[in-house]
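# Inside the fold
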Amino acid sequence: MLAARNPVSLHHRIVAGGQRRRCVGGSERNRGRTQGRHFTQALESLWRHSPRIHPPSAAAAAAGGGANPSWQPPVLENAAFEEYYKVQQIVRKEEWDAFMSVLRKPLPATFRINASCQFYKDICSKLENDFRRSLESEVSNEYGEDAIRPLPWYPGNLAWHLNFSRKELRKNLALESFHEFLKHESDVGNITRQEAVSMVPPLFLNVQPDHHILDLCAAPGSKTFQLLEMIHQSKESGLLPGGLVMANDINVQRCDLLIHNTKRMCTANLIVTNHEAQNFPNCSLAKDYSEVYKDTCKLQRLEFDRVLCDVPCSGDGTIRKGHDMWRKWNSGMGNQLHLLQVNIAMRGIALLKVGGRMVYSTCSMNPVENEAVVAELLRRSGNSVELLDVSCELPELVRRPGLSTWKVKDGGSWFQTHDDVPHDRKTVVLPSMFPSSDITEESHAGCGDFEMKTDNRSSFSRNCNVEETRKNNHDMDGVSIGSTKNLDCTSNIMNSKFPLHRCMRIVPHDQNSGAFFIAVLHKLAPLNGSQIQGTKIQHTLGKDRIEQLHKEPQPEARPYETILTRQHNNVLEVDDDAELLGRRHNLNMDNGTSKDKNSTEVEMVFNDVESGREESGDRMKKLQKQSRWKGVDPVLFFKDEVVIKSIRSFFGIKESFSLEGHLVTRSTDNARRMYYISKSVKEIVELNEQVGEQLKIASLGVKMFERHRSKDGCSCAYRLSYEGLSLLLPYISKRILYASPVDFHRLLQYRTINFAHFVDSRFGEEAASLMPGCCVVVLVEGFKNISGHKNADSILKDPMTIAIVCWRGKGTMNVMVSPPDRKDLLERMAYRFGIKASTEEDEKFYPKVNGFDQGS
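Read on for an overview of the structure. (Residues numbered from 1 in each chain as written. Predicted model: local features only at pLDDT ≥ 70, side-chain atom pairs only at ≥ 80, totals over all residues. Heavy atoms only, no water.)

## Comments concerning the overall build of the chain
Threshold: Helix numbers and strand numbers start at the N terminus; a helix is a DSSP run of H or I with at least 4 residues, a strand a run of E with at least 2. The buried label goes to any residue with under 20% of its type's maximum accessible area, the exposed label to any with over 50%, and the partly exposed label to all in between, with areas taken from a 1.4 Å probe on protein chains only. Note on contacts: a residue pair is in contact if any heavy atoms of the two residues lie within 4.5 Å. All accessible areas in this document rest on Shrake-Rupley with a 1.4 Å probe, and a residue is counted as covered only by the protein chains that are shown.
Per the secondary structure count, the chain includes 29 helices and 31 strands. Taken across its 856 residues, the chain has 59% of its residues classed as buried. Of the contacts made within the chain by residues no fewer than 6 positions apart, 77% connect residues no fewer than 24 positions apart. Of the roughly 35400 Å² that the chain leaves accessible, carbon and sulfur atoms contribute 49%.

## A word on the pattern of salt bridges
The condition is simple: A carboxyl oxygen of Asp or Glu within 4 Å of a side-chain nitrogen of Lys or Arg is what we treat as a salt bridge.
Applying the stated criterion across every chain yields a total of 30 salt bridges. Residue arginine 648 pairs with glutamate 660 through a salt bridge whose shortest N-O separation is 3.2 Å. With arginine 648 in helix α22 (residues 641–651) and glutamate 660 in the loop between α22 and β22 (663–665), this pair connects stretches of sequence that are twelve residues apart. In this structure glutamate 660 comes out as partly exposed when scored by relative accessible area, which is 41%. In this structure, glutamate 686 engages lysine 682 in a salt bridge whose closest nitrogen and oxygen atoms are separated by 2.9 Å. In this pair, glutamate 686 and lysine 682 are both assigned in helix α23 (residues 679–690), four residues apart and thus about one turn of the helix distant. Here the residues in one salt-bridge network are Arg92, Glu94, Glu95, Arg400 and Asp510, joined through shared partners.

## Remarks on the sheet that holds strand β31 (residues 812–815)
Whenever strands of a sheet pair, they do so through backbone hydrogen bonds, lying parallel or antiparallel. To keep things clear, this is the line we draw: Whether two strands pair depends on DSSP finding at least two bridges between them. The angle between two axes is taken between their N-to-C directions and runs from 0 to 180 degrees, where each axis is a line fitted to C-alpha atoms and a helix contributes only its stretch in contact.
What the five strands build is an open sheet, ordered β27-β29-β30-β31-β28; its pairing is mixed. Every interior strand has two partners, whereas the edge strands, β27 (736–739) and β28 (752–754), have only one. Here the average twist between neighbouring strands, direction ignored, is 30 degrees. The pairing of strand β30 (residues 803–808) with β31 spans three bridges and is antiparallel. Residue pairing in the sheet places tryptophan 807 in a bridge with asparagine 814 of β31.

## Quick look at the sheet that holds strand β25 (residues 702–707)
A sheet is described by the order of its strands in space; here five strands give the open sequence β21-β22-β23-β25-β26, paired in antiparallel fashion. For this open sheet the edge positions go to β21 (636–637) and β26 (718–720), each flanked by a neighbour on one side alone. Contacts from α22 reach β22, β23 (673–676), β25 and β26, with the element oriented near 50 degrees to β26.

## Some points on the environment of leucine 127
In this structure, leucine 127 sits in helix α5 (residues 120–143). With 33 residues separating them along the chain, leucine 127 and tryptophan 160 place their C-alpha atoms 9.5 Å apart.

## Some words on the packing of aromatic side chains
We apply this condition: Each aromatic pair joins two rings of Phe, Tyr and Trp (for Trp, the six-membered one) with centres within 6.5 Å, and gets the label stacked for planes under 30 degrees apart, edge-to-face for over 60, and tilted for any other angle. By the criterion adopted, a ring carries a charge over it if an Arg CZ or a Lys NZ lies within 6 Å of its centre and within 35 degrees of its normal.
For the coordinates displayed, the defined rule picks out 18 aromatic pairs. Through successive ring pairs, a cluster of aromatic residues spans Phe81, Tyr84, Tyr85, Trp326, Trp329 and Trp414. For arginine 264, the ring lying beneath its charged end belongs to phenylalanine 225, and the centroid distance is 4.4 Å.

## Section: the side chain of aspartate 122
Relative to the helices and strands, aspartate 122 resides in helix α5. Relative accessible area serves as the criterion here: at 13%, aspartate 122 is assigned to the buried category. With sequence-adjacent residues up to four places away left out, aspartate 122 is seen in contact with Arg828, Tyr831 and Arg832.

## A look at helix α26 (residues 761–769)
The condition is simple: Arc definition: it is the arc formed by the directions from the helix axis to the C-beta atoms.
All buried positions along α26 are accounted for by Phe763, Gly764, Glu766 and Ala767. Down the axis of α26, the smallest arc covering the buried residues is 160 degrees, so these residues share one side. Away from its buried face by more than 90 degrees, α26 exposes Ser761, Glu765 and Ser769.

Have a look at this one:
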């Protein structure tokens, strides 16, 4: 995970691709492209002063061989990296060679099975009985006896470790079929290929199905998918969990990637948003916490039971899979991220419910990004937050305790305390980066405010690391940790007063993985105003700017632009004007019961602006009704009762399945697609409407109905979507056909079959007697004609039942399932029933009809 500073903020990771969503307009695309260029330029600036790496020797180049004589293997060396982490004593001296040796080896491939998917038992069986045995016999000499095995610490044997890297998996012919299996199952959402240590943070959230979960920096979405698996794992067929996952990312293109990756889940319990994590909206109707529970029927404030803060970081824990890190790494990559990490995590704490749990994590080995941030969170939060000891959870996971002392490097100088930092660097090297225990909250807040007023273009020093625990152990809260010692043998060693040993650091050579840092926080009480001050950059405006706001016309919201206002030679980051005028509830909540000087000043600004421009309120309401966010289609509840009744009547959808109030669309004119949202998502969408669309929603819900283009005379204007079929199937009572495995298989393989060409003539007759339009075909083992039979309901409610969406045309039955999903179902048919693909002779007998006018 890499991150760098751009003109607006620091992004979570580099996005390699992702599809453009239809709801994002052209202006938004252009802005996204511009931000992508800024991001790339920022990365180049970040690594501009990377240490020069000498090219490999001629002998080494010759050893590399290959068809291209100019090709040279990557140099897995960086003297600055080694010097830095030796001084920090990230591992003990006797471990150093093993540590570096593992860092230079390719990262083993790992993946996770989606336990909430319909066929996960088939996948587990195939892994255990087919691939594990065959791979052990074929590649055991090259990759060891346990070439493929479950990760012992992941619950339910759902995560698997491979002794070969992803590159080896692609190139080794003996692994070709296994590689194809992984690609296919990943495409349809049955597995997720994910680094092993990346799977750890969600496990410590202790997620329950009814939890509201916020993933603040979510892209590319592997952890979000994991969280969705957790809330869906125990649900019954046709029933949605009471919780939800809200996945957020700052970058539009990364949101596209996030949407693409989570779409495989087909869930009604997901909202994807596009905000700066450190400025994530409150969406509060309540003025204070005492009002939150006055009306239990309505959501009053956006709060979460669980928050995942997998923050932007320098990413040197991923050095095994990103060889460029060896060349680009420098000691300035961590310090510059520290303040952003603190602000994002504090925002997460502010959005966390009392009694809730938050996990802070990075894929960095740097203590300035890790222990220093956690210490600052505890310092700012006071008695409102505690750092949990989770050493008894996941006992088979090899982890090391957090560290209590470290040093900070700025340029070529090392510092043990902030007092040692030269005066002209004190606004860059912050007190919160040090383990010093004598920094008061007041002194830090002052320095933190001053730092936030520095120009974004200032030079930052970015990296720092932890001094490894020594052998002389002493007890802290019952946990044995090592005492620390400065390499320079000075007496000015500062130790953190906080129990940072409760954090955990995963180092690569302990279990052949990447590196990660995790801390688990528990919220004991609401934050007060002075504590929340640190969760957001303050909005302070001068008189000239206030007058300018009075005079200029109301602009549309510019979520990616930040206005820099100079006041007394200090630069402050200020939200765009529409945000400023539309978020009074936001700031009321942020400042809590006690308001500091800055927040009071903001409140005065609001009063001035609003009293002088009452007409702006009316304009704002109109903008809110259309869409708060330029270039993004609004989320609109579908309220056409006539259409809903026609859909319910056509498919025989039972009244127990609520459609009213749960269908949303992104189109203001003609609802081409309708998405189904859970009750929990519905409440948040309603709250968002009431507070003026403060949430910029990029995606939500699962596609359930889509307007069709057929001219076959169908009485219902909408067809079912395969994505939402599993949720709706137990409640459908009409337009259902039951097919034998043979006919079901042929439908999948050829997509279009004439009624007379089905193996079972009765099935063909039933299909022909159906009125034109969308229908559902259900696979029945040991096929019998059971239409109208008392067992039909039990079959539809069975979570293992396989069904597809079809279109009954003039003389054919046409399958409306995407190619990857069809391939997946064919694989299941072959595995369960041993039905092989049809021959060429069969294809002549079952010709594909090209005259179908219905897009899938």
